[in-house]
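# Fold and geometry: a report
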Amino acid sequence: KAGVTQTPRYLIKTRGQQVTLSCSPISGHRSVSWYQQTPGQGLQFLFEYFSETQRNKGNFPGRFSGRQFSNSRSEMNVSTLELGDSALYLCASTRDNYAYNEQFFGPGTRLTVL
Amino acid sequence: AQTVTQSQPEMSVQEAETVTLSCTYDTSESDYYLFWYKQPPSRQMILVIRQEAYKQQNATENRFSVNFQKAAKSFSLKISDSQLGDAAMYFCAYRNNDMRFGAGTRLTVKP
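### A few points about the layout of surface pockets
Counted as a void, the largest pocket has a volume near 700 Å³. Secondary-structure elements contributing two or more residues to the lining of the largest pocket are β4 (31–38) and β9 (87–94) of chain A together with β10 (88–95) of chain B. Tallied by class, the residues present in the lining of the largest pocket amount to 12 nonpolar, 11 polar and four charged. What lines the second largest pocket is a set of 17 residues, and nearest its centre among them are Gln41(A), Leu43(A), Gln44(A), Arg100(B) and Phe101(B). Where the lining of the second largest pocket is concerned, the elements lending two or more residues are β5 (42–50) of chain A together with β1 (3–5) and β11 (99–101) of chain B. Looking at which element gives the most residues to the lining of the second largest pocket, the answer is β5(A), with four residues. In the lining of the second largest pocket, the residues fall into seven nonpolar, eight polar and two charged.

Next comes the structure, spelled out in structure tokens:
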């Protein structure tokens, strides 16, 4: 069974631009979570989607948004990029939204904002 | 707000020895879940072990075990018979609604 895939793997943008990252969960998984990983702030939860509905949202500004499609694939969008948005963005999928489920992580998208 | 603290930024262990990674958390909830995830260098994060807060028995997965002290809000990870492949960043995580991670502990295994 294929793992979680994220595209693109690397991205370079300039301040003020917007970016869209994609995550394809493991087949059969209906829940997708997004995290931001930086050396300074560590791993921070962005949001979680289950069956196309946002179930939880972390403490990030409105510039960060996401959505999930009927095939469970998810995208996150960051508008008006700032230098501080440079980070590794991780996506994780689980079979459903039961909190005890193991999360399967993707390799991440490395975003650099210049 | 729930916070997760890993007080050891780095740890080192000799191959075949035992090491314990510390984790404490702060919460007012009684029902929650705790996890240890491992992030090897340039590789994907994977689950090591997990614990449901209502279960008193400590979880064990082969060489990995936890010491869960609910009253003390402590959730340490013990790795027995350490192997070179155990070298990684280890993250403690708490989940009630969303997932909160600690800052991580970088484990080095010396041959």
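Here the narrative resumes, following the displayed structure.
### Side note on the pattern of salt bridges
Summed over the entire model, instances satisfying the criterion amount to 10 salt bridges over all chains. The shortest N-O distance in the salt bridge between Arg95(B) and Glu48(A) comes to 2.9 Å. Placement of the pair is Arg95(B) in strand β10 and Glu48(A) in strand β5, with the two residues belonging to separate chains. Glu48(A) carries the same exposure label as Arg95(B), and that label is buried. Between Glu52(B) and Lys55(B) there is a salt bridge, with the nearest N and O atoms lying 3.2 Å from each other.

### Thoughts on the pairing of strand β12 (residues 105–110) of chain B
Side-chain direction in a regular strand flips from residue to residue, so the side chains alternate between the two faces of the sheet. All names here are of chain B. Only one face of β12 is covered, namely the one carrying Thr105, Leu107 and Val109; the face carrying Arg106, Thr108 and Lys110 has none of its residues buried. In this structure, strand β2 (residues 10–14) lies alongside β12, joined through five bridges in parallel fashion. Bridge pairing in β12 places glutamate 10 opposite arginine 106. With three bridges joining them, β10 and β12 adopt antiparallel strand pairing.

### Notes on the pairing of strand β8 (residues 64–69) of chain B
Residues and elements named next belong to chain B. In the sheet, strand β7 (residues 60–61) pairs with β8 via two bridges, with the strands oriented antiparallel. Its bridge partner being in β8, glutamate 61 is matched across the sheet by phenylalanine 64. Connecting β8 to the next strand, strand β9 (residues 74–79), in antiparallel fashion are four residues, including lysine 73 with a positive phi near 55 degrees.

### Things to note about the packing of aromatic side chains
As enumerated under the stated definition, the model contains 19 aromatic pairs over all chains in all. Ring geometry for Tyr35(A) versus Phe101(B): centroids 5.4 Å apart, planes at 85 degrees, classification edge-to-face. Placement of the pair is Tyr35(A) in strand β4 and Phe101(B) in strand β11, with the two residues belonging to separate chains. Look at Trp36(B) and Phe75(B): their rings are 6.4 Å apart centre to centre, the planes differ by 20 degrees, and that puts the pair in the stacked class. Taken as a pair, Trp36(B) in strand β5 (residues 33–39) and Phe75(B) in strand β9 lie far apart in primary sequence, 39 residues in all.

### Observations regarding the interface of chain B and chain A
Every contact between the two is made by 17 residues of chain B and, on the other side, 17 residues of chain A. Of all residues in chain B, Gln44(B), Arg50(B) and Arg95(B) give up the largest surface area on contact with chain A, accounting jointly for 30% of the area buried on that side. Inspection of the chain B/chain A interface yields one salt bridge. The interface formed by chain B and chain A contains six residue pairs in polar contact (both at pLDDT 80 or more).

### Digging into the state of the cysteines
All names here are of chain A. Counting across every chain of the model gives two disulfides over all chains. There is a disulfide in this structure between cysteine 23 and cysteine 91, and the S-S distance comes to 1.7 Å. A torsion of -45 degrees about the S-S bond marks the disulfide between cysteine 23 and cysteine 91 as left-handed. Placement of the pair is cysteine 23 in strand β3 (residues 19–24) and cysteine 91 in strand β9, with a sequence separation of 68 residues.

### As for the environment of Ala72(B)
For Ala72(B), the position within the fold is in the loop between β8 and β9. On the basis of relative accessible area, Ala72(B) is assigned to the exposed category, the value being 53%.

### Remarks on the nonpolar core
Residues and elements named next belong to chain B. By size, the foremost hydrophobic cluster in this structure holds 25 residues, and its most contacted members are Tyr25, Trp36, Phe75, Leu77 and Tyr90. For this core, the secondary structure elements donating two or more residues are β3 (19–21), β5, β6 (46–52), β8, β9, β10 and β12. Among the elements that line this core, the one with the most residues is β10, at four residues. Among residues more than four places away in sequence, those in contact with leucine 77 are Val19, Thr20, Leu21, Trp36, Val48, Ile49, Phe64, Ser65, Val66 and Tyr90.

Analysis parameters
- Residues numbered from 1 in each chain as written.
- Chains lettered and ligands numbered in written order.
- Predicted model: local features only at pLDDT ≥ 70, side-chain atom pairs only at ≥ 80, totals over all residues.
- Heavy atoms only, no water.
- 1 Å grid on protein atoms, 1.4 Å probe; cavity = no way out; pocket = protein on both sides within 12 Å on 5 of 7 lines; lining within 4 Å.
- Points joined across faces, edges and corners; volume = space filled by probe spheres on them.
- Helix = DSSP H or I, 4+ residues; strand = E, 2+ residues; numbered from the N terminus.
- Nonpolar A, V, L, I, M, F, W, Y, C, P; charged D, E, K, R; others polar.
- Salt bridge = Lys/Arg side-chain N within 4 Å of Asp/Glu carboxyl O.
- Buried < 20%, exposed > 50% of the residue type's maximum accessible area, 1.4 Å probe, protein only.
- Pairing = 2+ DSSP bridges.
- Phe/Tyr/Trp six-rings, centres within 6.5 Å; stacked < 30°, edge-to-face > 60°.
- Contact = heavy atoms within 4.5 Å.
- Buried area = accessible area lost by both parts, 1.4 Å probe.
- Polar contact = N/O pair within 3.5 Å; in protein donor to acceptor, adjacent residues only side chain to side chain.
- Disulfide = S-S within 2.5 Å.
- Core = buried A, V, L, I, M, F, W, Y, C linked by side-chain atoms within 4.5 Å.

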